[in-house]
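# Observations on the three-dimensional arrangement
If you want the building blocks of each chain, they are given just below.
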Amino acid sequence: MRIWGAIIYILILPFSIKANEINITIVPQKYTYEPGTNTTIPIILINKENHKVTYELTTYSQSNKILLLNAKKIIEIQPQQKENILLPISITKDCNYGEHIITLKIVDNKSTSYQLFDLKINVTKNEQFTLNTLNSVDYVKAGDTINSDFTIKNTGNTKQTIIVKSNHGTILGNNTVNLKPQEEKIVRVYKITNPKEAKENNQLLDVTINGRNTENKLSAFTNTKIIPINPQTMDAYKRLPIQLSLNYINMRQQNKSQHGFQGELYLNTSLNKRNNDLLEMKIISKNPIEQYYYTKYDEYYATYSNKDIYIHIGDKVYSSSYLTEYARYGKGVEVQYKIGKFGLSGFYNKPRFFKNIEDEFNIKSNYAINKSNTLSIGYLQKRQTKNSSTHLPYVIYTTNIIKHTAIEFEYAYSKHSKLDGSAYRIDLNTKLKKFNGRINYSYSSPNFRGYFANTTNINSALNYTISSKINAFLTHSQNEKNRQRDTLFFEAPLFKQTQFGIDYNYAKKGKITLFNGYMKNEDRLTKSLFKYEELFTKININQQLGPIQLDINNHFGYTKNNLSNKKGKSSIQQVSLSIYKYNANLMIYGSMYNTSRYDYSNQKNFYYGGRLNKIFSKSTMANIFYQSNYIPEEYYADRNQFEGSVIQNIGNNHALELSGRYLIQRGEIGDKDLIVSLKYKALLNVPIKKIITYTSLTGHISDNSKGLKGIRVQLGNNYAITDKDGNYTFKNIVPGDYYLDIDRSTLSIDAISRISLPKAITIVGENLNQQNFEITKAAVIKGNIKYNDYLNPNSLSTDLETILSTNIIIEATDGNKTLRRIARINTSFDFTYLQPGSWKIKIYANSLNKNLKIATDTFEFMLVPSELKQIQIEIKANQKEIFYQQEPINVGYIGAK
């Protein structure tokens with residue numbers, strides 16, 4: 001392509017130089033090439049004479065990086081003719097970036113006149129590099145250091161600064177490497193392994209390099225096996241992880257005292273090694289005090305599940321659908337089965353905390369029509385008495401047919417005696433690039449006998465991302481009327497709220513929220529404490545400063561009190577401060593209320609409190625909480641005024657927890673109760689089946705068939721010593737994978753095993769396990785690298801100092817293990833402590849200049865015990881001869897006839 005380009009230039013843009021009767025045309029004058037290019041420079045000589053002329057062409061290069069492959073040549077040109085000449089050159093791979101000069105001398109042999117021309121060669125910049133794994137270890141013992149060597153070579157033609165990183169190890173030395181063109185350096189990465197490693201595993205060491213001024217990035221990895229010196233002992237039994245606890249509870253309530261014990265058993269385990277057959281069981285005895293959320297009510301259940309089936313027997317929150325029976329706690333049984341796209345489920349339940357229902361039965365089928373559509377059809381029967389039942393068929397359809405939007409629709413019908421009712425629900429979720437939101441709308445008719453009755457309800461949350469720092473939002477929420485909730489819980493006040501505003505993230509860990517809204521709150525107690533409506537504006541600031549989290553909330557409202565028929569202003573200022581430091585989390589807060597929501601206008605209240613969680617050690621933790629009082633709207637929940645607890649772990653399987661609370665129970669206004677609890681927990685791994693039979697390992701260590709005494713053999717964390725006949729025995733070994741090794745300090749300095757150690761072995765039960773070793777004398781390979789070709793240093797593209805600093809990689813392998821060494825030219829190397837046998841030596845010339853070659857790059861031989869093998873590696877100049885076939889191109893002279 002370059003030759004044709006030159007010919008086109010010749011035809012389009014020629015220019016002529018005439019000096020001393022020599023006519024020459026050079027097209028163009030400046031050439032641009034990449035390093036490592038072999039090319040030609042086109043010129044044209046013109047003979048204007050009427051006789052044949054002979055020219056002598058001689059080229060000179062000012063750089064030894066640009067090789068002139070045919071520096072001198074004789075050209076004969078016929079009268080009135082032109083001759084196309086191609087001057088072959090070779091630009092070395094390490095040729096420096098920038099401009100180089102080639103001088104062309106043309107001599108007319110008849111007149112001895114001559115002309116000099118400078119040809120400008122522009123070499124482009126090449127910022128490339130290579131990364132290769134040089135040396136790594138196949139295995140190390142736990143606690144040892146893994147060392148891996150990598151070679152980085154600047155294969156470009158300009159000086160480069162290369163950044164070195166490792167995600168899984170530590171770089172030895174500087175993380176930046178400065179390399180001249182064609183220079184190579186070795187980087188070592190190391191990692192200290194955990195001496196307590198109990199299982200065999202593989203550790204990865206990596207290196208990633210990239211140039212400071214380029215986007216080039218390369219990565220290389222090594223993998224090393226970690227051999228545990230104290231392997232994990234396998235349990236001979238399959239065990240069930242049963243958690244037991246015994247809790248002593250004492251409660252003082254309105255001058256009355258209650259106390260007693262409550263026990264709990266909990267099991268959660270897999271029945272197979274694949275962890276896909278799960279069993280869960282729980283037994284909690286009766287509560288010795290009156291029911292409330294701090295202590296647990298009695299509960300009994302068992303659950304089995306895998307990917308296709310789910311079976312539950314006992315206490316549970318049973319649910320058929322949102323409209324028919326959303327959450328009903330009771331005793332019963334539930335089964336779910338799935339096969340392909342089809343699923344079938346059903347339950348029977350006797351509600352425990354809702355006396356209006358005797359029992360209920362549900363059956364439901366699910367069918368996945370495709371990835372975007374699912375249909376569920378179900379039937380629920382509720383028995384209020386033996387002769388009175390409610391029938392509730394229902395259907396649920398879910399679709400993603402609209403892109404980025406999920407829609408769920410539910411319709412339910414109820415029939416009780418002669419009263420019919422219906423309900424429906426639509427749930428819409430959408431998530432776009434800048435907009436996401438959810439809208440839920442439900443309706444139930446007055447005669448509907450499901451989980452809701454005579455209720456219209458809507459909840460929504462919409463969010464729009466204006467920019468990376470600003471979000472706009474709109475929310476509407478309200479809780480349902482006439483919900484058939486279990487009597488265990490108090491209903492929250494009737495609440496409705498609509499608000500809109502923006503979030504502004506003014507800093508990475510700082511946000512301010514501004515919003516306006518309307519709220520309505522109504523007490524559900526017989527004697528109402530509050531019933532009000534309010535228009536409000538809120539400003540919230542959240543800021544994290546190091547370990548400190550600061551939250552400031554300001555609420556400004558205009559309130560209409562529907563109990564007193566009065567209007568007034570309401571303002572709330574809340575500040576909370578959280579600090580995490582020294583394994584402790586401290587949170588303090590305060591709220592100033594000046595509202596018209598309750599008994600009278602401008603009623604002032606101040607609430608304050610705090611919590612401290614402290615981890616003293618891995619075994620000891622403590623928690624303290626205090627709050628002065630609670631707002632009336634929170635009557636439906638238990639309200640702690642003081643709480644403290646201390647947890648002390650005893651070993652890995654036992655713990656004690658002492659706790660106390662001073663609180664106001666649900667539905668109470670001013671009466672406070674005190675409760676103290678002391679709980680003991682234990683994890684019992686109960687053996688149920690013996691799965692391992694202990695076995696033994698025997699072996700024999702010899703040297704020329706003679707048994708060796710006193711050799712220390714290691715199997716995991718077990719040791720054995722050979723007797724006078726060279727025999728050793730390990731007894732009571734759990735079958736499994738181990739590494740077998742010999743303590744080299746019990747061998748002579750040059751002794752070595754015939755096989756590679758440590759050796760991975762598998763010990764099986766109830767079979768003969770035997771491992772025999774033969775000890776022999778180690779062999780050694782020594783060698784040197786010689787370069788003696790100084791005859792024509794100008795023919796080389798690299799100076800002698802660079803040549804002698806080149807790294808040569810020598811690899812030795814016997815088929816089982818591979819060893820590598822790095823040596824420079826005119827230096828020596830060795831491989832010591834080698835096992836006798838067949839060895840192959842391979843020399844890699846990846847960093848060697850292309851104008852040098854290795855005379856012999858492979859050696860193979862058989863090593864005998866105690867042998868010292870000498871080899872010599874010869875480096876010499878790589879003589880190249882490049883021949884260009886030159887076909888004469890006759891171009892008629894302009895004006896010639």
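Owing to the predicted nature of the structure, the values given are computational and were not obtained by experimental measurement. (Residues numbered from 1 in each chain as written. Predicted model: local features only at pLDDT ≥ 70, side-chain atom pairs only at ≥ 80, totals over all residues. Heavy atoms only, no water.)

## Let's talk about the overall build of the protein chain
Scanning the protein chain for helices and strands turns up 2 helices and 63 strands. In terms of C-alpha radius of gyration, the protein chain reaches 44 Å, well past the compact-globule figure of 29 Å for 897 residues. Relative to its full complement of 897 residues, the protein chain shows a buried share of 41%. Surface exposure of the protein chain reaches about 49,100 Å², of which carbon and sulfur atoms provide 52%. Distance from the positive charge centre (113 side chains) to the negative charge centre (77 side chains) of the protein chain: 4 Å. (Helix = DSSP H or I, 4+ residues; strand = E, 2+ residues; numbered from the N terminus. Rg over C-alpha atoms; globule rule 2.2 N^0.38 Å. Buried < 20%, exposed > 50% of the residue type's maximum accessible area, 1.4 Å probe, protein only. Areas by Shrake-Rupley, 256 points an atom, 1.4 Å probe, with all protein chains shown as cover. Lys, Arg positive; Asp, Glu negative; His and termini not counted. Charge placed at Lys NZ, Arg CZ, Asp CG, Glu CD.)

## So, the sheet that holds strand E12 (residues 139–141)
Taken in spatial order, the 5 strands make up an open sheet running E12-E19-E18-E14-E16, and their pairing is mixed. Each edge of the open sheet is held by one strand with a lone partner, namely E12 and strand E16 (176–179). Across the sheet, the mean angle from the axis of one strand to that of its neighbour is 30 degrees, orientation sign disregarded. (Pairing = 2+ DSSP bridges. Axes fitted to C-alpha atoms, helices over the stretch in contact; angles between N-to-C directions.)

## A closer look at the sheet that holds strand E58 (residues 828–834)
Picture the strands of a sheet paired through backbone hydrogen bonds; they go either parallel or antiparallel. Taken together, the 4 strands give an open sheet; going across it, the order is E58-E55-E62-E60, and neighbouring strands pair in mixed fashion. With partners counted over all chains shown, the strands left at the sheet margins are E58 and strand E60 (852–854), one partner each. Going across the sheet, the axis of each strand differs from the next one's by a mean of 20 degrees, ignoring polarity.

## As for the environment of Asp138
Here Asp138 is to be found in the loop between strand E11 (129–135) and E12. On the basis of relative accessible area, Asp138 is assigned to the partly exposed category, the value being 47%. Residue contacts for Asp138: discarding those within four places in its chain leaves Asn223, Thr224 and Lys225. (Contact = heavy atoms within 4.5 Å.)

## Some remarks on unusual backbone geometry
With an omega of -5 degrees, the peptide bond between Leu757 and Pro758 qualifies as cis. Assignment of secondary structure puts Pro758 in the loop between strand E52 (751–753) and strand E53 (759–763). One non-glycine residue, Ser417, lies in the positive phi region at around 55 degrees. Overall, the relative accessible area of 56% leaves Ser417 in the exposed class. Positioned with a positive phi, Asn732 is a non-glycine residue whose angle comes to about 55 degrees. Within the element layout of this structure, Asn732 appears in strand E50 (residues 727–733).

## A closer look at the pattern of salt bridges
Counted by the stated rule, this structure contains 25 salt bridges. Taking the shortest distance from any N to any O, the salt bridge between Arg352 and Asp298 comes out at 2.5 Å. Linking Arg352 in the loop between strand E26 (342–351) and strand E27 (359–370) with Asp298 in the loop between strand E22 (278–284) and strand E23 (299–305), this pair joins segments that are 54 residues apart in sequence. Arg352 gets classed as buried once you look at its relative accessible area, which sits at 18%. One network of salt bridges, with partners in common, ties together Asp298, Asp315, Lys331 and Arg352. (Salt bridge = Lys/Arg side-chain N within 4 Å of Asp/Glu carboxyl O.)

## Some points on the side chain of Thr776
Topologically, Thr776 is positioned in strand E54 (residues 773–777). Aside from chain neighbours lying at most four places away, what touches Thr776 is Asp750, Ala751, Ile752, Arg754, Pro836 and Pro865.

## Describing the confidence of the model for the protein chain
With 91% of its residues at a pLDDT of at least 70, the protein chain reaches an overall mean of 85. Contacts for the low-pLDDT stretch residues 1–21, under 50 throughout, to residues beyond four places or in other chains number 33 contacts. Here residues 791–798 scores under 50 on pLDDT; set against residues more than four positions off or in separate chains, the count is 16 contacts. (pLDDT = per-residue confidence, 0-100.)

## Here we look at the pairing of strand E43 (residues 639–650)
Here 7 bridges tie strand E42 (residues 620–627) to E43, and the two strands are oriented antiparallel to one another. Each bridged residue has a counterpart across the sheet, and for Met621 the counterpart in E43 is Ile647.

## Brief notes about the environment of Leu674
Structurally, the position occupied by Leu674 is in strand E45 (residues 673–690). Using a relative accessible area of 40% as the deciding quantity, one classes Leu674 as partly exposed. As for Leu674 and Ser257, which are separated by 417 residues in sequence, their C-alpha atoms are 9.5 Å apart. Not counting the four nearest positions on each side in its chain, Leu674 is found in contact with Asn250, Met251, Arg252, Arg661 and Tyr662.

## With respect to the nonpolar core
Membership of the largest hydrophobic core comes to 25 residues, with the highest contact counts inside it found for Ile785, Ile810, Ile841, Ile873 and Ile875. Among the elements that make up this core, the one with the highest residue count is strand E55 (residues 779–787) (4 residues). Beyond its immediate chain neighbours, meaning those up to four positions away, Ile810 contacts Ile785, Leu819, Arg820, Arg821, Ala823, Phe829, Phe831, Ile841, Lys842, Ile843 and Ile873. By size, the runner-up hydrophobic cluster in this structure holds 23 residues, among which are Tyr31, Tyr33, Val53 and Cys95. (Core = buried A, V, L, I, M, F, W, Y, C linked by side-chain atoms within 4.5 Å.)

## Side note on the packing of aromatic side chains
The description of two aromatic rings rests on the distance between their centres and on the angle between their planes. Within this structure, the stated rule accounts for 19 aromatic pairs. Plain terms: the ring middles of Tyr248 and Phe261 are 5.1 Å apart, the flat faces sit at 55 degrees to each other, and that makes the pair tilted. On the criterion of sequence distance, the pair formed by Tyr248 in strand E20 (residues 237–253) and Phe261 in strand E21 (residues 256–270) is long-range, its members being 13 residues apart. With a relative accessible area of 54%, Phe261 lands in the exposed category. (Phe/Tyr/Trp six-rings, centres within 6.5 Å; stacked < 30°, edge-to-face > 60°.)

## Things to note about a positive patch on the surface
Taken together, the side chains of Lys481, Lys496, Lys520 and Lys531 present a region of like positive charge at the surface. Owing to a relative accessible area of 35%, Lys496 belongs among the partly exposed residues under this scheme. (Patch = residues over 30% accessible without salt bridge, like charges linked within 9 Å, V, L, I, M, F, W, Y side chains within 5 Å.)

## Some details on the side chain of Ser388
Here Ser388 shows up in strand E29 (residues 388–399). Its relative accessible area of 18% is what places Ser388 among the buried residues. Each residue touching Ser388, except ones within four places of it in the same chain, is listed here: Lys382, Arg383 and His416.

## Here we look at the pairing of strand E8 (residues 81–91)
Counting buried positions along E8 gives 9 out of 11 residues, so the element sits mostly inside the fold. Where strand E4 (residues 38–47) and E8 come together, 10 bridges link them in antiparallel fashion. In the strand pairing of E8, Ile44 is matched with Asn84. Bridging between strand E6 (residues 66–68) and E8 involves 3 bridges; their strand directions are antiparallel. Looking at the pairing, Ile66 lines up with Ile91 of E8.

## Digging into the environment of Asn602
Looking at the secondary structure, you find Asn602 in the loop between strand E40 (584–595) and strand E41 (603–615). Beyond its immediate stretch of four places on either side in the chain, Asn602 contacts Lys569, Asn594, Thr595 and Ser596.

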